[in-house]
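# Results of the structural survey
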Amino acid sequence: MPEAATTPAMAEVLSVGKESVAGCRARVAHNVLNQVVLPGEELVLPEHEDVDGLGGAGEQPLRLNSGARPRLRVVCGPGLRRCGDRLLVTKCGRLRHKEPGGGGGGVYWVDSQQKRYVPVKGDHVIGIVIAKSGDIFKVDVGGSEPASLSYLAFEGATKRNRPNVQVGDLIYGQCVVANKDMEPEMVCIDSCGRANGMGVIGQDGLLFKVTLGLIRKLLAPDCEIVQELGKLYPLEIVFGMNGRIWVKAKTIQQTLILANVLEACEHMTTDQRKQIFARLAES
Amino acid sequence: MASERKTKLSKNLLRMKFMQRGLDSETKKQLEEEEKKMISDEHWYLDLPEFKEKESFIIEQQSFSLCEDLLYGRMSFRGFNPEVEKLMLQMNSKNKAVAEEEETVEVDVSDEEMARRYETLKRDRANYEEDENGNIKPIKT
(Lines give C-alpha, C1' and ligand atoms only; values in the text may rest on other atoms or scores of the structure.)
Protein backbone atom coordinates (compact mmCIF):
# COMPACT_ATOMS: atom_id res chain seq x y z
CA MET A 1 0.00 0.00 0.00
CA PRO A 2 1.42 3.41 -0.88
CA GLU A 3 2.07 5.20 2.41
CA ALA A 4 2.54 8.90 2.95
CA ALA A 5 6.23 9.78 3.27
CA THR A 6 6.97 9.51 6.97
CA THR A 7 10.31 9.60 8.76
CA PRO A 8 11.02 5.84 8.78
CA ALA A 9 10.46 5.62 5.03
CA MET A 10 12.69 8.61 4.42
CA ALA A 11 15.44 7.02 6.46
CA GLU A 12 15.04 3.83 4.46
CA VAL A 13 15.32 5.72 1.20
CA LEU A 14 18.47 7.47 2.35
CA SER A 15 20.12 4.23 3.36
CA VAL A 16 19.17 2.64 0.05
CA GLY A 17 20.65 5.59 -1.80
CA LYS A 18 23.92 5.38 0.08
CA GLU A 19 24.18 1.65 -0.45
CA SER A 20 23.58 1.66 -4.15
CA VAL A 21 25.88 4.60 -4.84
CA ALA A 22 28.70 3.29 -2.70
CA GLY A 23 28.42 -0.38 -3.64
CA CYS A 24 27.57 0.05 -7.34
CA ARG A 25 26.52 -3.56 -7.29
CA ALA A 26 23.22 -4.91 -8.42
CA ARG A 27 21.04 -6.32 -5.68
CA VAL A 28 19.21 -9.58 -5.97
CA ALA A 29 15.55 -8.97 -6.61
CA HIS A 30 14.49 -11.58 -4.10
CA ASN A 31 16.15 -9.76 -1.22
CA VAL A 32 14.62 -6.41 -2.03
CA LEU A 33 10.96 -7.36 -1.98
CA ASN A 34 8.67 -4.78 -0.41
CA GLN A 35 11.55 -2.39 0.01
CA VAL A 36 11.99 1.00 -1.56
CA VAL A 37 13.86 1.01 -4.86
CA LEU A 38 15.09 4.06 -6.75
CA PRO A 39 15.29 4.66 -10.50
CA GLY A 40 18.59 3.57 -11.94
CA GLU A 41 19.03 0.54 -9.74
CA GLU A 42 19.69 -2.80 -11.34
CA LEU A 43 18.17 -5.93 -9.94
CA VAL A 44 19.50 -9.39 -10.55
CA LEU A 45 17.07 -12.23 -10.93
CA PRO A 46 17.48 -15.18 -8.55
CA GLU A 47 18.65 -17.82 -11.06
CA HIS A 48 21.81 -15.93 -11.80
CA GLU A 49 23.07 -15.97 -8.24
CA ASP A 50 25.00 -19.16 -8.91
CA VAL A 51 26.99 -17.60 -11.71
CA ASP A 52 28.05 -14.65 -9.58
CA GLY A 53 29.05 -16.75 -6.63
CA LEU A 54 31.23 -19.21 -8.49
CA GLY A 55 34.11 -16.82 -8.95
CA GLY A 56 35.46 -17.31 -5.48
CA ALA A 57 35.07 -21.05 -5.22
CA GLY A 58 37.61 -22.09 -7.82
CA GLU A 59 35.69 -25.23 -8.64
CA GLN A 60 32.92 -25.29 -11.11
CA PRO A 61 30.10 -27.76 -10.85
CA LEU A 62 29.60 -29.93 -13.88
CA ARG A 63 26.96 -28.61 -16.16
CA LEU A 64 25.03 -31.20 -18.06
CA ASN A 65 24.19 -28.98 -21.00
CA SER A 66 26.95 -26.48 -21.55
CA GLY A 67 25.68 -22.97 -21.62
CA ALA A 68 21.99 -23.74 -21.47
CA ARG A 69 20.70 -22.52 -18.13
CA PRO A 70 17.22 -23.38 -16.98
CA ARG A 71 15.18 -20.31 -17.67
CA LEU A 72 11.87 -19.25 -16.34
CA ARG A 73 9.80 -16.62 -18.05
CA VAL A 74 9.80 -13.61 -15.79
CA VAL A 75 7.44 -10.74 -16.41
CA CYS A 76 8.65 -7.28 -15.53
CA GLY A 77 5.69 -5.09 -14.84
CA PRO A 78 5.20 -1.35 -14.45
CA GLY A 79 8.18 0.57 -13.17
CA LEU A 80 10.76 -1.94 -14.43
CA ARG A 81 12.57 -2.36 -17.70
CA ARG A 82 14.67 -5.11 -19.16
CA CYS A 83 18.38 -4.37 -19.27
CA GLY A 84 20.33 -7.30 -20.60
CA ASP A 85 19.65 -10.08 -18.15
CA ARG A 86 18.73 -7.77 -15.32
CA LEU A 87 15.86 -5.55 -14.38
CA LEU A 88 16.32 -1.81 -14.39
CA VAL A 89 14.14 0.24 -12.06
CA THR A 90 12.54 3.28 -13.67
CA LYS A 91 10.15 4.48 -10.94
CA CYS A 92 10.65 4.93 -7.24
CA GLY A 93 8.45 2.84 -5.01
CA ARG A 94 8.28 -0.53 -3.36
CA LEU A 95 9.26 -3.64 -5.27
CA ARG A 96 6.54 -6.27 -5.33
CA HIS A 97 6.50 -9.82 -6.53
CA LYS A 98 3.75 -12.25 -7.34
CA GLU A 99 4.28 -15.94 -7.52
CA PRO A 100 3.26 -17.59 -10.74
CA GLY A 101 0.03 -19.51 -10.89
CA GLY A 102 1.22 -21.86 -13.60
CA GLY A 103 4.21 -21.74 -15.90
CA GLY A 104 7.51 -20.24 -14.92
CA GLY A 105 8.85 -17.19 -13.20
CA GLY A 106 6.63 -14.60 -11.68
CA VAL A 107 5.79 -10.95 -11.94
CA TYR A 108 7.94 -8.19 -10.49
CA TRP A 109 6.69 -4.62 -10.40
CA VAL A 110 7.18 -1.34 -8.60
CA ASP A 111 4.29 -0.05 -6.53
CA SER A 112 4.59 3.66 -7.19
CA GLN A 113 2.33 6.65 -6.94
CA GLN A 114 1.48 9.11 -9.67
CA LYS A 115 -1.33 11.34 -10.81
CA ARG A 116 -0.69 11.48 -14.52
CA TYR A 117 -2.11 8.56 -16.48
CA VAL A 118 -0.30 6.95 -19.39
CA PRO A 119 -2.63 4.78 -21.48
CA VAL A 120 -1.93 1.09 -21.15
CA LYS A 121 -3.38 -1.69 -23.24
CA GLY A 122 -6.15 -3.58 -21.51
CA ASP A 123 -6.98 -0.95 -18.91
CA HIS A 124 -10.58 -0.04 -18.23
CA VAL A 125 -10.84 3.75 -18.24
CA ILE A 126 -13.46 6.45 -17.97
CA GLY A 127 -13.28 8.88 -20.86
CA ILE A 128 -15.09 12.10 -21.77
CA VAL A 129 -16.23 12.48 -25.36
CA ILE A 130 -14.76 15.70 -26.72
CA ALA A 131 -15.42 15.47 -30.43
CA LYS A 132 -17.35 13.52 -32.99
CA SER A 133 -15.73 13.33 -36.40
CA GLY A 134 -17.19 11.10 -39.07
CA ASP A 135 -17.05 7.54 -37.85
CA ILE A 136 -15.04 7.97 -34.67
CA PHE A 137 -15.36 9.73 -31.37
CA LYS A 138 -12.45 11.48 -29.72
CA VAL A 139 -12.36 10.57 -26.06
CA ASP A 140 -10.20 12.26 -23.46
CA VAL A 141 -8.73 9.65 -21.12
CA GLY A 142 -6.21 11.85 -19.36
CA GLY A 143 -3.22 10.91 -21.49
CA SER A 144 -1.23 13.05 -23.85
CA GLU A 145 -3.58 12.38 -26.75
CA PRO A 146 -7.31 11.79 -26.93
CA ALA A 147 -8.17 8.18 -27.66
CA SER A 148 -10.24 7.30 -30.66
CA LEU A 149 -13.39 5.23 -30.30
CA SER A 150 -15.12 3.86 -33.34
CA TYR A 151 -18.91 4.01 -33.39
CA LEU A 152 -18.99 0.31 -34.29
CA ALA A 153 -17.25 -0.62 -31.07
CA PHE A 154 -20.46 -0.68 -29.07
CA GLU A 155 -22.64 -3.66 -28.43
CA GLY A 156 -25.30 -4.04 -31.08
CA ALA A 157 -24.00 -1.20 -33.21
CA THR A 158 -24.23 -1.45 -36.96
CA LYS A 159 -23.80 1.07 -39.74
CA ARG A 160 -27.50 1.85 -39.62
CA ASN A 161 -27.97 1.49 -35.89
CA ARG A 162 -25.59 4.07 -34.45
CA PRO A 163 -25.01 4.37 -30.70
CA ASN A 164 -26.50 7.36 -28.97
CA VAL A 165 -23.32 9.16 -27.87
CA GLN A 166 -23.10 12.94 -27.58
CA VAL A 167 -20.19 15.26 -26.94
CA GLY A 168 -19.68 15.50 -23.20
CA ASP A 169 -20.88 11.97 -22.40
CA LEU A 170 -18.90 9.70 -20.09
CA ILE A 171 -17.72 6.43 -21.53
CA TYR A 172 -16.41 3.38 -19.67
CA GLY A 173 -14.25 1.42 -22.07
CA GLN A 174 -11.09 -0.57 -22.53
CA CYS A 175 -7.88 0.48 -24.29
CA VAL A 176 -6.91 -1.84 -27.08
CA VAL A 177 -4.03 0.09 -28.57
CA ALA A 178 -1.78 2.06 -26.30
CA ASN A 179 1.88 2.61 -27.05
CA LYS A 180 4.17 5.54 -27.42
CA ASP A 181 4.14 5.47 -31.20
CA MET A 182 0.43 5.47 -31.97
CA GLU A 183 -2.62 7.33 -30.81
CA PRO A 184 -4.54 5.29 -28.23
CA GLU A 185 -7.70 3.50 -29.26
CA MET A 186 -10.46 2.25 -27.07
CA VAL A 187 -13.51 0.07 -27.46
CA CYS A 188 -16.65 -0.62 -25.50
CA ILE A 189 -17.01 -4.31 -26.29
CA ASP A 190 -14.88 -7.31 -25.43
CA SER A 191 -13.42 -9.81 -27.85
CA CYS A 192 -16.70 -11.77 -27.97
CA GLY A 193 -18.71 -8.71 -28.91
CA ARG A 194 -20.45 -8.29 -25.55
CA ALA A 195 -20.53 -5.03 -23.63
CA ASN A 196 -19.79 -6.42 -20.14
CA GLY A 197 -20.77 -3.18 -18.50
CA MET A 198 -18.82 -0.93 -20.84
CA GLY A 199 -20.40 1.87 -22.81
CA VAL A 200 -21.98 5.19 -21.98
CA ILE A 201 -22.30 5.86 -18.25
CA GLY A 202 -25.76 7.08 -17.29
CA GLN A 203 -27.11 10.46 -16.36
CA ASP A 204 -26.26 12.51 -13.28
CA GLY A 205 -23.60 11.54 -10.83
CA LEU A 206 -20.24 13.20 -10.26
CA LEU A 207 -16.87 12.60 -11.89
CA PHE A 208 -13.71 13.47 -9.98
CA LYS A 209 -10.04 12.71 -10.20
CA VAL A 210 -7.77 10.92 -7.73
CA THR A 211 -4.27 9.47 -7.86
CA LEU A 212 -3.67 6.22 -9.70
CA GLY A 213 -2.42 4.45 -6.61
CA LEU A 214 -5.66 5.11 -4.79
CA ILE A 215 -7.67 3.46 -7.55
CA ARG A 216 -5.58 0.32 -7.28
CA LYS A 217 -5.91 0.36 -3.53
CA LEU A 218 -9.68 0.69 -3.74
CA LEU A 219 -9.98 -2.05 -6.33
CA ALA A 220 -7.89 -4.52 -4.33
CA PRO A 221 -9.92 -7.60 -3.47
CA ASP A 222 -9.56 -7.10 0.29
CA CYS A 223 -10.38 -3.40 0.40
CA GLU A 224 -12.81 -2.54 3.16
CA ILE A 225 -13.37 1.09 2.21
CA VAL A 226 -15.72 0.39 -0.65
CA GLN A 227 -17.58 -2.31 1.26
CA GLU A 228 -18.17 0.03 4.18
CA LEU A 229 -19.32 2.77 1.84
CA GLY A 230 -21.78 0.37 0.29
CA LYS A 231 -23.36 -0.26 3.67
CA LEU A 232 -24.11 3.43 4.21
CA TYR A 233 -26.61 4.03 1.45
CA PRO A 234 -27.45 2.75 -2.03
CA LEU A 235 -24.92 4.03 -4.52
CA GLU A 236 -23.21 3.28 -7.77
CA ILE A 237 -19.48 3.76 -8.44
CA VAL A 238 -17.38 3.35 -11.53
CA PHE A 239 -13.57 3.27 -11.19
CA GLY A 240 -11.40 4.14 -14.16
CA MET A 241 -7.75 3.13 -14.11
CA ASN A 242 -6.90 6.60 -15.35
CA GLY A 243 -7.59 8.05 -11.94
CA ARG A 244 -11.22 9.01 -12.53
CA ILE A 245 -14.08 7.94 -10.32
CA TRP A 246 -17.76 8.47 -11.06
CA VAL A 247 -20.23 8.22 -8.20
CA LYS A 248 -23.97 8.46 -8.06
CA ALA A 249 -26.32 8.30 -5.10
CA LYS A 250 -29.94 9.20 -4.56
CA THR A 251 -29.41 12.82 -3.49
CA ILE A 252 -26.80 15.41 -4.36
CA GLN A 253 -25.67 15.66 -0.75
CA GLN A 254 -24.97 11.93 -0.52
CA THR A 255 -23.05 12.06 -3.79
CA LEU A 256 -20.89 14.88 -2.52
CA ILE A 257 -20.23 13.06 0.75
CA LEU A 258 -19.08 10.02 -1.21
CA ALA A 259 -16.76 12.08 -3.37
CA ASN A 260 -15.19 13.80 -0.35
CA VAL A 261 -14.71 10.54 1.52
CA LEU A 262 -13.06 8.84 -1.44
CA GLU A 263 -10.73 11.74 -2.05
CA ALA A 264 -9.74 11.97 1.59
CA CYS A 265 -9.34 8.29 2.36
CA GLU A 266 -5.96 8.19 0.71
CA HIS A 267 -4.37 10.09 3.57
CA MET A 268 -6.40 8.75 6.45
CA THR A 269 -5.47 5.99 8.81
CA THR A 270 -7.86 3.13 9.40
CA ASP A 271 -9.07 4.54 12.73
CA GLN A 272 -9.83 7.97 11.34
CA ARG A 273 -11.75 6.37 8.52
CA LYS A 274 -13.79 4.24 10.87
CA GLN A 275 -14.65 7.30 12.92
CA ILE A 276 -15.87 9.15 9.88
CA PHE A 277 -17.96 6.22 8.73
CA ALA A 278 -19.48 5.87 12.15
CA ARG A 279 -20.44 9.55 12.14
CA LEU A 280 -21.93 9.25 8.67
CA ALA A 281 -23.91 6.19 9.62
CA GLU A 282 -25.45 8.05 12.52
CA SER A 283 -26.61 11.04 10.54
CA MET B 1 -13.09 -53.75 -70.72
CA ALA B 2 -13.46 -54.08 -66.99
CA SER B 3 -10.48 -52.59 -65.13
CA GLU B 4 -8.78 -55.14 -62.97
CA ARG B 5 -7.39 -52.79 -60.37
CA LYS B 6 -9.59 -50.67 -58.13
CA THR B 7 -9.83 -46.99 -59.10
CA LYS B 8 -7.60 -45.18 -56.65
CA LEU B 9 -9.19 -42.06 -55.22
CA SER B 10 -6.94 -39.01 -54.99
CA LYS B 11 -5.79 -37.60 -51.66
CA ASN B 12 -7.78 -34.41 -52.10
CA LEU B 13 -10.94 -36.36 -52.68
CA LEU B 14 -10.33 -38.43 -49.57
CA ARG B 15 -9.93 -35.23 -47.56
CA MET B 16 -13.37 -33.94 -48.46
CA LYS B 17 -16.01 -33.83 -45.77
CA PHE B 18 -18.36 -36.46 -47.21
CA MET B 19 -15.58 -39.03 -47.45
CA GLN B 20 -14.56 -38.43 -43.83
CA ARG B 21 -17.92 -39.26 -42.33
CA GLY B 22 -17.39 -42.96 -42.78
CA LEU B 23 -14.01 -43.03 -41.14
CA ASP B 24 -13.63 -43.83 -37.49
CA SER B 25 -12.06 -41.37 -35.07
CA GLU B 26 -8.61 -42.98 -35.08
CA THR B 27 -8.10 -42.65 -38.79
CA LYS B 28 -9.43 -39.12 -38.59
CA LYS B 29 -6.90 -38.23 -35.91
CA GLN B 30 -4.07 -39.72 -37.93
CA LEU B 31 -5.09 -37.73 -40.97
CA GLU B 32 -5.26 -34.54 -38.94
CA GLU B 33 -1.84 -35.12 -37.47
CA GLU B 34 -0.35 -35.70 -40.90
CA GLU B 35 -1.87 -32.50 -42.14
CA LYS B 36 -0.53 -30.57 -39.17
CA LYS B 37 2.94 -31.96 -39.75
CA MET B 38 2.85 -30.93 -43.37
CA ILE B 39 1.70 -27.43 -42.49
CA SER B 40 4.27 -26.93 -39.74
CA ASP B 41 7.06 -28.21 -41.95
CA GLU B 42 6.26 -25.46 -44.38
CA HIS B 43 6.62 -22.76 -41.74
CA TRP B 44 9.99 -21.05 -41.74
CA TYR B 45 11.91 -20.59 -38.53
CA LEU B 46 15.35 -19.39 -37.50
CA ASP B 47 17.67 -22.26 -36.82
CA LEU B 48 20.35 -20.36 -34.96
CA PRO B 49 21.12 -21.76 -31.51
CA GLU B 50 23.22 -18.72 -30.50
CA PHE B 51 20.29 -16.47 -31.23
CA LYS B 52 18.07 -18.58 -29.06
CA GLU B 53 20.56 -18.26 -26.21
CA LYS B 54 20.56 -14.49 -26.48
CA GLU B 55 16.80 -14.40 -26.61
CA SER B 56 15.73 -12.83 -23.42
CA PHE B 57 13.32 -14.56 -21.11
CA ILE B 58 12.11 -11.38 -19.51
CA ILE B 59 8.84 -10.03 -20.82
CA GLU B 60 7.90 -6.41 -20.37
CA GLN B 61 4.31 -5.61 -19.48
CA GLN B 62 3.05 -2.23 -18.45
CA SER B 63 -0.35 -3.27 -17.27
CA PHE B 64 -1.26 -3.52 -13.61
CA SER B 65 -4.01 -6.03 -14.25
CA LEU B 66 -1.43 -8.81 -14.52
CA CYS B 67 0.28 -7.87 -11.30
CA GLU B 68 -2.55 -7.35 -8.90
CA ASP B 69 -5.90 -9.09 -8.98
CA LEU B 70 -8.12 -6.08 -9.22
CA LEU B 71 -11.87 -6.21 -8.95
CA TYR B 72 -14.20 -5.16 -11.71
CA GLY B 73 -14.41 -1.37 -11.98
CA ARG B 74 -18.20 -0.91 -11.91
CA MET B 75 -19.89 -1.40 -8.57
CA SER B 76 -23.36 -0.89 -7.23
CA PHE B 77 -24.59 -1.33 -3.66
CA ARG B 78 -27.96 -1.90 -2.03
CA GLY B 79 -29.78 -2.36 -5.28
CA PHE B 80 -29.07 1.02 -6.83
CA ASN B 81 -28.43 -0.51 -10.26
CA PRO B 82 -29.45 -4.19 -10.45
CA GLU B 83 -27.75 -4.83 -13.79
CA VAL B 84 -24.43 -3.65 -12.45
CA GLU B 85 -24.85 -5.86 -9.40
CA LYS B 86 -25.38 -8.85 -11.64
CA LEU B 87 -22.32 -7.88 -13.64
CA MET B 88 -20.29 -7.57 -10.45
CA LEU B 89 -21.02 -11.15 -9.51
CA GLN B 90 -20.26 -12.36 -12.98
CA MET B 91 -16.98 -10.54 -13.51
CA ASN B 92 -15.58 -11.05 -10.07
CA SER B 93 -16.22 -14.75 -10.14
CA LYS B 94 -14.50 -14.89 -13.51
CA ASN B 95 -11.49 -13.12 -12.04
CA LYS B 96 -11.22 -15.39 -9.07
CA ALA B 97 -11.73 -18.37 -11.37
CA VAL B 98 -13.67 -20.05 -8.66
CA ALA B 99 -14.44 -23.55 -9.80
CA GLU B 100 -18.06 -23.51 -8.87
CA GLU B 101 -19.35 -26.96 -8.15
CA GLU B 102 -21.19 -28.16 -11.14
CA GLU B 103 -24.78 -28.24 -10.18
CA THR B 104 -26.27 -31.54 -11.11
CA VAL B 105 -28.64 -30.98 -13.94
CA GLU B 106 -32.14 -31.60 -12.70
CA VAL B 107 -33.82 -34.18 -14.82
CA ASP B 108 -37.50 -34.86 -15.19
CA VAL B 109 -37.00 -38.55 -15.68
CA SER B 110 -34.45 -40.50 -13.66
CA ASP B 111 -31.68 -42.50 -15.26
CA GLU B 112 -33.17 -45.86 -14.32
CA GLU B 113 -36.45 -45.06 -15.97
CA MET B 114 -34.64 -44.06 -19.13
CA ALA B 115 -32.77 -47.38 -19.17
CA ARG B 116 -36.00 -49.32 -18.77
CA ARG B 117 -37.64 -47.34 -21.56
CA TYR B 118 -34.78 -47.92 -23.92
CA GLU B 119 -34.91 -51.63 -23.35
CA THR B 120 -38.47 -51.85 -24.57
CA LEU B 121 -37.81 -49.52 -27.49
CA LYS B 122 -34.64 -51.18 -28.68
CA ARG B 123 -35.13 -53.20 -31.80
CA ASP B 124 -33.84 -56.72 -31.76
CA ARG B 125 -30.84 -56.40 -34.06
CA ALA B 126 -31.07 -59.92 -35.29
CA ASN B 127 -34.34 -59.20 -37.07
CA TYR B 128 -33.29 -56.07 -38.89
CA GLU B 129 -30.45 -55.06 -41.14
CA GLU B 130 -29.36 -52.04 -43.13
CA ASP B 131 -29.47 -52.08 -46.89
CA GLU B 132 -27.03 -50.23 -49.14
CA ASN B 133 -28.74 -46.86 -48.66
CA GLY B 134 -28.74 -47.03 -44.90
CA ASN B 135 -32.41 -47.83 -44.60
CA ILE B 136 -33.36 -50.31 -41.94
CA LYS B 137 -35.36 -53.22 -43.27
CA PRO B 138 -36.54 -56.37 -41.62
CA ILE B 139 -34.82 -59.56 -42.68
CA LYS B 140 -37.22 -61.72 -44.50
CA THR B 141 -36.98 -65.11 -42.87
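In this text the structure is predicted, and so the values were computed from the model without any measurement.

### Focus on the sheet that holds strand S8 (residues 107-111) of chain A
Spatially, S2(A)-S7(A)-S8(A)-S4(A)-S1(B) is the arrangement adopted by the five strands of the open sheet, whose pairing is mixed. Each edge of the open sheet carries a strand with a single partner, namely strand S2 (36-37) of chain A together with strand S1 (58-60) of chain B. As judged from the three bridges shared by strand S4 (residues 74-76) of chain A and S1 of chain B, these two strands associate in the parallel manner. Bridge pairing in S1 of chain B links cysteine 76 of chain A to glutamate 60 of chain B.

### Describing unusual backbone geometry
One non-glycine residue, asparagine 196 of chain A, adopts positive backbone phi at about 55°. Within the secondary structure layout, asparagine 196 of chain A lies in the loop between strand S13 (185-187) and strand S14 (199-200). One non-glycine residue with positive phi stands out, namely arginine 78 of chain B, at about 55°. Inspection of the secondary structure puts arginine 78 of chain B in the loop between strand S2 (74-77) and helix H6 (82-96).

### Focus on the confidence of the model for chain A
With 81% of its residues at a pLDDT of at least 70, chain A reaches an overall mean of 83. Within the model, the stretch residues 62-68 of chain A combines pLDDT values under 50 with five contacts to residues more than four positions away or in other chains.

### Brief notes about the pairing of S8 of chain A
Residues and elements named next belong to chain A. In terms of burial, S8 is largely enclosed, as five of its five residues are buried. Covered by surrounding structure in S8 are Val107, Trp109 and Asp111 together with Tyr108 and Val110, the residues of both alternating faces. Both S4 and S8 contribute to a ladder of two bridges, which runs parallel. If you follow valine 75 over to S8, its bridge partner there is valine 107.

### Some details on the pattern of salt bridges
Opposite charge on two side chains lets them pair, provided their charged atoms get close. A complete count under the given rule lists 12 salt bridges over all chains for this structure. For glutamate 183 of chain A, the salt bridge identified is with lysine 138 of chain A, shortest N-O distance 3.1 Å. Remark: lysine 138 of chain A occurs in strand S10 (residues 136-140) and glutamate 183 of chain A occurs in the loop between strand S12 (170-177) and S13; sequence separation between them is 45 residues. Residue classification places glutamate 183 of chain A among the partly exposed positions, given a relative accessible area of 28%. The exposure class of lysine 138 of chain A is partly exposed, given its relative accessible area of 21%. Linking glutamate 68 of chain B and arginine 216 of chain A is a salt bridge whose minimum nitrogen-to-oxygen distance equals 3.2 Å. With glutamate 68 of chain B in the loop between helix H5 (64-67) and S2 and arginine 216 of chain A in helix H3 (residues 212-218), the pair connects residues from two separate chains. Of the two residues examined, glutamate 68 of chain B and arginine 216 of chain A, each falls in the buried class. In the salt-bridge network here, residues are joined through shared partners; they are Arg96, Asp111 and Arg216 of chain A together with Glu68 of chain B.

### A closer look at the sheet that holds S2 of chain B
Ordered in space as S15(A)-S17(A)-S16(A)-S2(B), the four strands form an open sheet in which the pairing is antiparallel. The outermost strands of the open sheet, each flanked by one partner alone, are strand S15 (206-209) of chain A together with S2 of chain B. Across the sheet, the mean angle separating the axes of adjacent strands is 20° when strand polarity is ignored. Sitting on the sheet, helix H4 (residues 224-232) of chain A is in contact with strand S16 (235-239) of chain A together with S2 of chain B, with an inclination near 40° to S2 of chain B.

### Describing the confidence of the model for chain B
Residues and elements named next belong to chain B. Per-chain confidence: chain B averages 77 in pLDDT, with 77% of residues scoring 70 or above. Mean pLDDT across the elements of chain B ranges from a minimum in strand S3 (residues 128-130), with 68, to a maximum in S2, with 92. Below pLDDT 50 for its whole length, residues 98-104 participates in two contacts with residues either more than four positions away or in separate chains. The ipTM value of the predicted complex is 0.73, and its pTM value is 0.69.

### Quick notes on the pairing of strand S11 (residues 147-150) of chain A
The side chains of a regular strand alternate between the sheet's two faces. Residue and element names in this part refer to chain A. Direction of pairing for S10 relative to S11: antiparallel, over a ladder of four bridges. Considered in S11, the bridge of valine 139 is made with alanine 147. Linking S10 to S11, which pair antiparallel, is a turn of six residues; within it glycine 142 sits at a positive phi near 95°. As defined by bridge partners, S11 adjoins S13 across two bridges and the pair is classed as parallel. Residue pairing in the sheet places leucine 149 in a bridge with methionine 186 of S13.

### Describing the interface of chain B and chain A
At the junction of the two partners, chain B supplies 31 residues and chain A supplies 53 residues. Between chain B and chain A the total buried area reaches about 3900 Å² when both faces are included, carbon and sulfur atoms providing 57% of it. On the surface where chain B and chain A come into contact, there are three salt bridges. Residue lysine 98 of chain A pairs with aspartate 69 of chain B through a salt bridge whose shortest N-O separation is 3.7 Å.

### Some points on the environment of leucine 23 of chain B
Examined against the element boundaries, leucine 23 of chain B turns out to sit in the loop between helix H2 (17-20) and helix H3 (25-42). Beyond its immediate chain neighbours, meaning those up to four positions away, leucine 23 of chain B contacts Lys28 and Leu31 of chain B.

### Focus on the environment of alanine 26 of chain A
All names here are of chain A. As for its placement among the helices and strands, alanine 26 is situated in the loop between helix H1 (7-23) and strand S1 (27-28). Between the alpha carbons of alanine 26 and glutamate 41 there is a distance of 7.0 Å; along the sequence they are 15 residues apart. Excluding anything up to four places from it in sequence, alanine 26 contacts Glu42, Val44 and Arg86.

### A word on helix H5 (residues 252-264) of chain A
All names here are of chain A. Spanning 13 residues, H5 covers 18 Å between terminal C-alpha atoms, matching the ideal 18 Å at 1.5 Å per step. Buried within H5 we find Thr255, Leu258, Ala259, Val261 and Leu262. Seen from one end, H5 has its buried residues packed into an arc of 165°, which puts them on one side. Facing away from the buried surface of H5 by more than 90 degrees, the exposed residues are Ile252 and Gln253. On its buried side, H5 packs onto S15, H3, H4, S16, strand S17 (244-249) and helix H6 (270-282).

Rules used in this analysis
Residues numbered from 1 in each chain as written. Chains lettered and ligands numbered in written order. Predicted model: local features only at pLDDT ≥ 70, side-chain atom pairs only at ≥ 80, totals over all residues. Heavy atoms only, no water. Pairing = 2+ DSSP bridges. Helix = DSSP H or I, 4+ residues; strand = E, 2+ residues; numbered from the N terminus. pLDDT = per-residue confidence, 0-100. Contact = heavy atoms within 4.5 Å. Buried < 20%, exposed > 50% of the residue type's maximum accessible area, 1.4 Å probe, protein only. Salt bridge = Lys/Arg side-chain N within 4 Å of Asp/Glu carboxyl O. Axes fitted to C-alpha atoms, helices over the stretch in contact; angles between N-to-C directions. Buried area = accessible area lost by both parts, 1.4 Å probe. Expected span 1.5 Å × (residues − 1). Arc of directions from axis to C-beta.

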